[in-house]
Amino acid sequence: MAKTGYGKRSAGDEDPHADPDFAHLSLRDREIAVFVDHLEEGHAMGYKAIAAGHPRYGQQAVRTSLGRITAAGHLRWIKEHITIEDNSMRWVTRTYWQRTPRSPEWWAKFAEERHGKDVTEEYMSGLVRGEPNEEPEPEPDVVPEPDAVPEPDEEPAEQPSTAYQALADVRAADDRMPLSERDCRSLEPLAAEWLSRGASPRDLVKALTEGLPPAVTNPGGLARTRLENKMPPKKAKIRQRTARRGRVTRVLMFCPLCDRDERTTEIVNGLCRDCLAEIEAEGPEPGYVPPTFLPGPRAGDSLPGVDEPIDVTEPIDVTERVEALRRAAGLR
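For every chain, the first residue of its written sequence is number 1, and the numbers climb from 1 along that sequence. Restriction of local features to residues with pLDDT of at least 70 applies here, the model being predicted, together with a cutoff of 80 or more for giving and counting side-chain atom pairs; totals for whole chains, interfaces and linings are based on all residues. Side-chain measures were taken over the full set of non-hydrogen atoms in the model, leaving aside hydrogen atoms and water.

Draft legend 1. View of the packing of aromatic side chains. Only centres within 6.5 Å qualify two rings of Phe, Tyr or Trp (six-membered ring in Trp) as a pair; their planes then separate them into stacked at under 30 degrees, edge-to-face at over 60, and tilted for everything else. Under the counting rule described, the total for this entry stands at five aromatic pairs. When the centroid spacing of 6.1 Å and the interplanar angle of 45° are considered together, the rings of Phe 22 and Trp 97 count as tilted. Of this pair, Phe 22 sits in the loop between β1 (8-10) and α1 (27-37) while Trp 97 sits in strand β3 (residues 89-97); the two residues are 75 residues apart in sequence, bridging distant segments of the chain. For the residue pair Phe 22 and Trp 97, the accessibility class agrees, reading buried in each case. By way of ring pairs, the aromatic residues Tyr 96, Trp 106, Trp 107 and Phe 110 are connected into one cluster. Any Lys NZ or Arg CZ found within 6 Å of a ring centre and within 35 degrees of that ring's normal is scored as a charge over the ring. Taking the ring centre of Phe 254 as reference, the NZ or CZ of Lys 79 above it sits at 5.1 Å. We note Arg 185 situated over the ring of Tyr 164; from NZ or CZ to the ring centre the distance is 4.2 Å. Every helix listed is a DSSP run of H or I at least four residues long, and every strand listed is a run of E at least two residues long, numbered separately from the N terminus. Buried means the residue's accessible area, taken with a 1.4 Å probe over protein chains only, is under 20% of the maximum for its type, while exposed means over 50%, and partly exposed covers the values in between.

Here it is as structure tokens:
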């Protein structure tokens, strides 16, 4: 999940999933777009974070593809200036995603409509920069109840804690993470901290099994790294953040590749002109053949040999036919 901004958010009003969702993109861009489309809300959207989770592409390839996906109308990075009811202010970075490609005019209207929005309930983990320097309220001391005295002839049965049981359930959820009893005992304090911060055992198991590599050589070490790096925020901070009402008082588009915004540069198709020129100069990956389209006949026109007028307004994809003719002519 995002820690310092760039968390994924849906812009809403998008078409349902379908096979040709990203058919207009090149092969690599299409694969990365599908990967991003299936990320959960709030996931980090920086190219380094996506490259770390993608099994095929590195940082530079992902950076270039995210630029082209942005220019194609699927992504926008927006800075929102938030005024809190206690008169404090902060900038919040949002990354808005659309499965359906949208025009620059659509995105401009979307950004304009963000102005004045009440965002009290929209805070998500990792999406706010410049947190106020406030210490969380101390948790009240809990006086443990005295342990029940066992019968003289009975051995007290040791019940595993909820944290230990959640770790033990990881093996059943994914056999690539067969945590041993020693691993569970060692990781139990970390898991207990997760639960104390509001996470459920299901959240914990999901964090340890989601997006695993094909083979895991050190399940215990990987589990420790994930528990430490993905630790949820403390509940006290969440209460303080959501208790104060906030409203968007300014909205700025900014370039995701260089972080410059509309105050210092012109944003074109979601990118500054310099980064857009850089993306266009790189071109698509080798071997990419763009789709070939012929315009469909206008409504009321007739095709040769057809007496009745037709009503076809969509372009016709003839890519496969063109490729077949090129091969037949020895051009391939």
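Draft legend 2. Representation of the environment of Ile 279 in the model. Along the polypeptide, Ile 279 turns up in helix α10 (residues 273-282). Judged by its relative accessible area of 4%, Ile 279 falls in the buried class. Residues Ile 279 and Leu 66, 213 residues apart in the sequence, show an inter-C-alpha distance of 9.7 Å.

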